[in-house]
Amino acid sequence: MFRRDLRPDSWFFSFLVGSLSRSLFAFAALAKNQTSKGFAPVTIETSRHMYEYVATALDWWHADRYCEHHFAQLLFEPQDSEQASFSKLLQSHHIRGSVWLNERDGVLHKLKWRRDHIVPVLVFGDKTDTKYVKVLSDFPALPAVTACAHLQWDTRTQEIATIFSYAVPAFINEFQLRGFVDEEGFVRFALIVHGHHSPYLPMFRADGQWHHFCVTWQQENGTWAIYADGKRRASASGLCAVGPSAPQAIYGQGTFIIGQDQDSLGGTFREKESFSGNITDLHIWQRVLSAEQIEKIRSCWVVEQDLVFGWSSNALEVESTVQEVTAQFLCPGPVEECRVFEVGSNGFSYASCLQSLPFICRYRKDAYWQLKKAQLESSHSLTSRVNTLAERTVIPENVFTSDVQDMNLSVALGALDVLATVLREGETPVLESSDLLTVLQLLKQVSDVEVQEGEELEMLEQLGQYYVEVTELILEEQNVETWSSVSQVIGGPMTVVELCDRMVSHLAPLLTAGRTKITVQHKSVGMEVRKLELSRQELSSEAYLVQSPEKGRHDLIEVPAEEMQRLKARGLRRVTMKNMWFGYGSLQRCLSSAGSSAVFQDTTASDGGQKYLSTTVGTAVISSALLSDYQEISTSVHYRLQHRVQDIPNKLVGPICAFWNFSLSSDAGGMWSTAGCSVVTSLLDSTACFCNHTTNFAVLLQVYEMQQRTTKEELTLQTLTFIGCGVSFCALIVTFILFLAVGVPKSERTTVHKNLIFALAAAEALLMFSELAKTNQVVCFMVTACLHLFFMAAFSWMLVEGLLLWSKVVAVNMSEDRRMKFYYVTGWGLPVVIVGVTLATSFNKYVADNHCWLNVQTNVIWAFVGPVLFILAVNTFVLCRVVMVTVSSARRRSKMLTPNSSLENQIGIQIWVTVHLPEAVYLL
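Right, let's walk through the structure included here.

Conventions adopted
What you see as residue numbers is a count from 1 along each chain, following the sequence as written. Only residues with pLDDT of at least 70 are given local features in this predicted model, and only at 80 or more are side-chain atom pairs given and counted; all residues enter the totals for whole chains, interfaces and linings. Side-chain figures throughout are based on the complete set of non-hydrogen atoms in the structure, without hydrogens or water. One requirement defines pairing of two strands: DSSP has to find at least two bridges between them. Put simply, DSSP H or I for four residues or longer makes a helix, DSSP E for two residues or longer makes a strand, and each gets a number counted from the N terminus. Each axis is a line fitted through C-alpha atoms, and for a helix only the stretch in contact is used; angles between axes span 0 to 180 degrees, taken between their N-to-C directions. We define a salt bridge as a contact between a side-chain nitrogen of Lys or Arg and a carboxyl oxygen of Asp or Glu at a distance within 4 Å. Throughout this description, buried means an accessible area under 20% of the type-specific maximum (1.4 Å probe, protein chains only), exposed means over 50%, and partly exposed covers the range between. By nonpolar core we mean a set of buried residues, namely Ala, Val, Leu, Ile, Met, Phe, Trp, Tyr and Cys, connected to one another through side-chain atoms within 4.5 Å. Only heavy atoms enter the contact rule, under which two residues are in contact if any of them lie within 4.5 Å. Take the residue count of a helix, subtract one, and multiply by 1.5 Å to get its expected span. Taken from the helix axis, the directions to the C-beta atoms give the arc we talk about.

Strand order in the open sheet formed by five strands is β27-β28-β35-β39-β38, and the pairing between neighbours is antiparallel. For this open sheet the edge positions go to β27 (542–547) and β38 (677–682), each flanked by a neighbour on one side alone. Neighbouring strand axes in the sheet, compared pairwise and without regard to direction, differ in orientation by 15° on average. Bridging between β27 and strand β28 (residues 554–559) involves six bridges; their strand directions are antiparallel. Bridged to A543 within β28 is E558.

Spelled out as structure tokens, the structure:
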């Protein structure tokens, strides 16, 4: 960690500012690196691309990473018609030999030939208490150790087996490696040091094939790691640390036994703990080897430095029943070859990906010149802001450079600490283009950092905290314009999502049996990694719930319980879940602005290449991914995201469930796709979606333009409304007067009609003059409430009409007086209750913005629509029931009236009675 109590002299201050100024950009670092080695940087321009030749020889992976860090791509294979001309172009710039090529399909070539290695192999047959091999070597005290071997596991047994055991008088189980085959068919290893036991963790499949393993341990912090087939499968710290005291080194002068567990020094073996299988190429070093060295050892190369024991028959005491054979062993690695372009011969070939070769980075021409422009126009604003920290922070010279070597984790932690402080305390929060590119370049390096030393594992969580904070600071909304200005260079703003996905993977080694979840969130950016046990009896949905900085808003993504059950049925016992969340900010703004000029489209076959115009990202971006033994598992997910519609007022929007497909439109860094995703439910403030796969998700809002009406059109509509409502109102008044003047006999039917006419007439009258009331907020509110009441009453008396018909035709079981009381309660009481409850619960959201009517932008409108739909459904049911009863009655009546008539006459009578019977009943 950086010390903050140092005050550098003026020479350091000048050196710091100067170094940052010189290294704000990758090109400056590259030129400096190549010039120091005697190479001049070579830049080649064509009609579409810019090519930069890097003479520093690197392996394929580091070359590919180098180009990516510089916002470029490793050279792709030229087309057949361009090979000769491109080769001549390179030769004209004095470039010769082989250069690395990118793999278009993303799959590295498998070696056709691998080096044969003739070695002695120890064959341990069935498990016994007698078969063992003793290493005839004097072991010194080991403050650090690495042990590697090739091993072929006997798949016939699932009992615990001891690969090797090292014992000293003080500790019988001083240093030991044990394993067994689990229910999923994986071989699990556990390391024992000073009698302390690591957990059993999966290493490789129990497939009967040869596998390579390495175990490392060091005294400092008790850090250990286990590699299998060149990949680190497990690592942690604290093994054999007892209390506050530091772990002791592995004692020397002990006995090293292969194939048995020593219960006493050099002996007392037990059959059930013995090893069954084949083993060869065992080597032991008194230090921790790097991942690159372990890869070479897997390829049958021997690292001589600090070697304590090398594999040799002369250094082994083999028990007589153990078979010792000499075999022609085919080295398992390296298993990949990478494509190279032979400049001059215009041909292609393959070379080991571990080989160091020069390479060429390819830039899009517009992006390259934009990079150069940003470099020239940079005012070094980020560097000037570092000045405030210069007096109390020691920053390495190459913090903001992109060197070809991997960044050390402690340096990465310190650099992000400084950078987060600078961005957080900056006087001008808006980043310049060059500053943003510099920060992204640093984030790329940190996301690719490799953790080798065990004590660095404890720094990972803090690194994640700083990483999330820096990401959140550069994604603030004031940087939208800056992101847009560099979008062509970085390949789109979703680059930062891809970087965070790499970073969250680094947190997985921190998961233990006692700590199954790690969450890092800073305001509007969050990440989480979890270990899920599928072996438990009850399995539920696994949800990632994110609380937004906006109060009362949260987003959710979950893997359904049925998916967890399906994975368990496949035989999986545990999985790792990764989640990320990016709140609404410059990321969404840039994605929307990028998509506004182009079209949002999905080119996959599952949705037919459907295109959506004028879409905008209206929610956070949330992601989920499941892994089992380092392999991603595809599962379905549900997610619910809150809408952000403030940026698109006065427009209609429709939700679209989508995910970001990085494989589409590679120049833009990907595109939105809807394949496999659908809307489950959509509310005004949120949308729930289902997708049949895991990736980065969001909800796009389809924007529908609402044409604004002119003043003339508004006047025409108001006139038509007034005329229509006026005609209706006059007709209702005339009808009401006729009911009073003509002397229609008093009955339930006439009473219901009068109330219905009165409610409709009052509603029509208010509607005619409602436009005049919208200028006064209080009057408009009262008009809205009255309109709601009288229209609701009109529909309620329509319901009473249906109930009256029901009572006349279907069921006559209530007196007329009691029925009328019930009808008045339904016709006027129900509307009063509905309006009163609506006003009490939604007083502030009751009236629409531009009209004296209910607010259709909230749920208030359902206080009218809901009851109306219910009344229509009841009246439809009543009508159907009345028709059925009428037809049945008509059939019986026709038989009574004409019992001897022909079938044709009976049908005619039934039709006549069916038509006229309801009218007769209703007039009663």
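Having seen the model, we can carry on.
In this structure the tally under the stated criterion is 20 salt bridges. For the salt bridge of D448 with R502, the shortest nitrogen-to-oxygen distance reads 3.1 Å. With a gap of 54 residues between them, D448 in the loop between α9 (433–447) and α10 (460–474) and R502 in helix α13 (residues 495–506) connect regions that are remote in the sequence. With a relative accessible area of 14%, D448 lands in the buried category. Among the ionic pairs, E542 bridges to R530, the shortest N-O distance being 3.2 Å. Taken together, the positions of E542 in strand β27 and R530 in strand β26 (residues 525–533) put the pair 12 residues apart, joining distant regions of the chain.

Of all hydrophobic cores here, the largest spans 81 residues; its most connected members are W100, F359, L463 and I474. Once you skip the residues sitting within four places of it in the chain, L463 turns out to touch L409, A412, L413, L416, V446, V449 and M503.

As a further point, take α13. For α13, spanning 12 residues, the distance from its first C-alpha to its last is 18 Å, which sits close to the expected 16 Å at 1.5 Å a residue. For α13, the set of buried residues is T495, V496, V497, L499, C500, M503, V504 and H506.

Another point: helix α14 (residues 561–569). Residues of α14 that are buried include every one of E563, M564 and L567, and no others. Down the axis of α14, the smallest arc covering the buried residues is 100°, so these residues share one side. Exposed residues pointing more than 90 degrees away from the buried face of α14 are listed as E562 and A569. Within two residues after α14, G571 carries a phi angle of roughly 100°, on the positive side.

Just geometry here; none of it tells us what the structure is for.
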